[in-house]
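# An overview of the molecular structure
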Amino acid sequence: MDITRFTSKKFLIPAIISLVILIAMVTLPVYGSLYMVILITAILMFVILTVSWTLFSGPTGYMSLASAAFFGIGVYASAILLPTTGGKLPLLVVVVIGGLVSSILAFGVGALTLRLRGIYFAVFTFGLVELIKQVLLWWENSVTGTRGRYVMLVENDVIFYTMLAIFMLLMLTFFFLRRSKYGLAMQSIGENEEAAAHRGINVTMVKVITFAISAFFMGATGAIIATRWTYIDPYIAFYILYSFLPVMMAIFGGIGQIYGPVIGAAIFAYLEEVLLTKFPYYYMLIFGVVLVAAILYMPNGIVGLVPRLVRRLRKGGSAKQHAST
Amino acid sequence: MPQGIITFLDLAIGGLLLGGIYALLAMGLSLQYGVARVFNVSHGEFIMLGAFGTFTLYTVFGINPLVCLAIVGPLTFIIGFLLHKTMFTRLRLLAPNADVYAANSMLATFGLMFIIQNIALLAWGANYRAYNYLNFGVDLWGAIFTANRLVILGFAIAIGVAFYIFLARSRIGKAIRASAQDPTTAGLMGVNINLLLAICFGLGAVMAGLAGTLMSMRIPLTPTMGLNYTIIAIIVIVLGGLGSIPGSFIGGFILGIIGTIVTYLEPSLSLAAYYFIFMLLLLIKPTGIFGK
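Small disclaimer: the values here were computed from a predicted structure and weren't measured.

### What about the overall build of chain B?
Helix and strand counts for chain B stand at eleven helices and two strands. The C-alpha radius of gyration computed for chain B amounts to 19 Å, which stays within 12% of the reference 19 Å derived for 292 residues, consistent with globular compactness. Its C-alpha atoms put chain B at 60 × 45 × 35 Å along the principal axes. A buried classification covers 50% of the 292 residues belonging to chain B. Of all intrachain contacts in chain B linking residues separated by at least 6 positions in sequence, the fraction that spans at least 24 positions is 78%.

Here is the structure:
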């Protein structure tokens, strides 16, 4: 490998920024308050969901609405394997199992359905979430006779570090996948699937495996956040918003770049937390307005705004007016 | 009359009734998706608005719910029309291609869903609301139905058929069908495409609003009821074939009857059954029963 690639300015500046952010994050429990740690954990959860959604749906163009299903399965895996009393498995093993189960489901679903194009794939994955939820509800109502489960309590710092570890693993996967031959294959599937197949790419294989990888991270996140929620039921675990929010956050941030979904999810998640505490009655309303405004006025996301802003600044003149929109 | 036949009648009419409502919902969404190309996630919110509008008109002003049809219809049309004129037209003109428009407009309707739902929550509160109208039993060959169920069924079929005749016979209907096939060519033939798409979106909202008015006579209302009906409408239009109006009409009845039978056998599995049928159908014949 050419070493100069890693010492060039284009690589070095983002690397240094990432390192600084990383150090700030790792040491957060030392200087930050408990509220900070919990807040950042919540934000990280959304960032992971959004980035793993983008990992598959960004380059291939298949709009998956199954995120809530993979996330929820992780949550349930954790609830079953980590009951409040008598849980024997270590936390890390449970998180990996949560990811793997989601991954296996994604593999099966992907193999079955990834031949569906466009809106059909989106509605199928949407149906998947609801189907799992309804079957679980029926199971809890009529077979076990209990509604919901309690999950073992875990220290906030442990949850935070686990979440951070999943996030870092995801970013590394994302980064290297995109730069590999494999990432190029995905890109070409998104541009023209038939041409990619003719070029000798095993189209189905690439799609299914990426789908499974992205599901792994969603499942792992679900498994760790369940210990923070302590009580879960099918409505909480398979909440359909967890399918829509990653899509929204990714588009809000901009799908074209690696950092787009990260920024979009971080801002959106922060906004959600703040609105929820400041305006509990109006927050969903404000949320909706922000969403509509974002789609109407920033179709390329926040990241798409930056080049436009730079161009305006260079031209001078109306830069101020633009910054305020 | 033997019990078996009564049960059968009960299921058949119950299924038709549910199906009539589903058919209206799905025809509206079919028009919005098939012609206006907006995958409207907030479709159910218009049902909720129609239902709550009727509730308020009936309980506060004492207006007969059937008369409310004539009030809710135009109101929902105006809301839908203006939404398309402002929001979706802008999105359509900004989007570089059809796929981007499909994704962006769907997300916008998702935001719209939050907005409408939460305004309704602020206006009507989170409690269940209901009113009594035509709530007495009618004996049909031994099976007892409340009168409002039969009225709902009659009106749902009448509205559905009237709507179909409107699309099939009228000049606007012809323009709508032409735009569904090929918007660019329809535009070249002198159809004002921006106006027409807005009309389609408005008509879709009307169908949802009217379905809401009819439904409010029977079921308790809550501002968060919309999403379930959106999902059912999505299932029906896939069942009937995306963009096919007759398909949606018949698909609505099919789903209604299946839903009633499953509810009779195992009530808590009815929604799961919907999704199961839906996913099976997508795998076997994604273009739906009446798809091209």
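### Some points on the overall build of chain A
From N to C terminus, chain A includes 17 helices and two strands. Scored against the burial criterion, the 325 residues of chain A give a buried share of 43%. By sequence separation, contacts in chain A at least 24 residues apart represent 77% of the contacts at least 6 residues apart.

### Quick look at the interface of chain A and chain B
Residue-level contacts link 32 residues of chain A with 31 residues of chain B. Those elements that place two or more of their residues in the side of chain A that touches chain B are helix H6 (91–113), helix H7 (118–144), helix H13 (241–253) and helix H15 (283–297) of chain A. Broken down by element, the residue count for the side of chain A that touches chain B peaks at 14 residues, all from H7 of chain A. A breakdown of the residues in the side of chain A that touches chain B according to their chemical character gives 25 nonpolar, six polar and one charged.

### Focus on unusual backbone geometry
Backbone geometry places Thr230 of chain A, a non-glycine residue, at a positive phi of 60°. By secondary structure assignment, the location of Thr230 of chain A is in the loop between helix H11 (203–229) and strand E2 (231–232). On the basis of neighbour counts, which here come to 14 C-beta atoms within 10 Å, the residue Thr230 of chain A falls in the partly exposed class. You will see that Arg37 of chain B, though not glycine, has its phi angle at about 60°, which is positive.

Cut-off values and rules
Residues numbered from 1 in each chain as written. Chains lettered and ligands numbered in written order. Predicted model: local features only at pLDDT ≥ 70, side-chain atom pairs only at ≥ 80, totals over all residues. Helix = DSSP H or I, 4+ residues; strand = E, 2+ residues; numbered from the N terminus. Rg over C-alpha atoms; globule rule 2.2 N^0.38 Å. Buried ≥ 20, exposed ≤ 12 C-beta atoms within 10 Å, placed from the backbone. Contact = placed C-beta atoms within 7 Å. Nonpolar A, V, L, I, M, F, W, Y, C, P; charged D, E, K, R; others polar.

In short, geometric facts, not functional conclusions.
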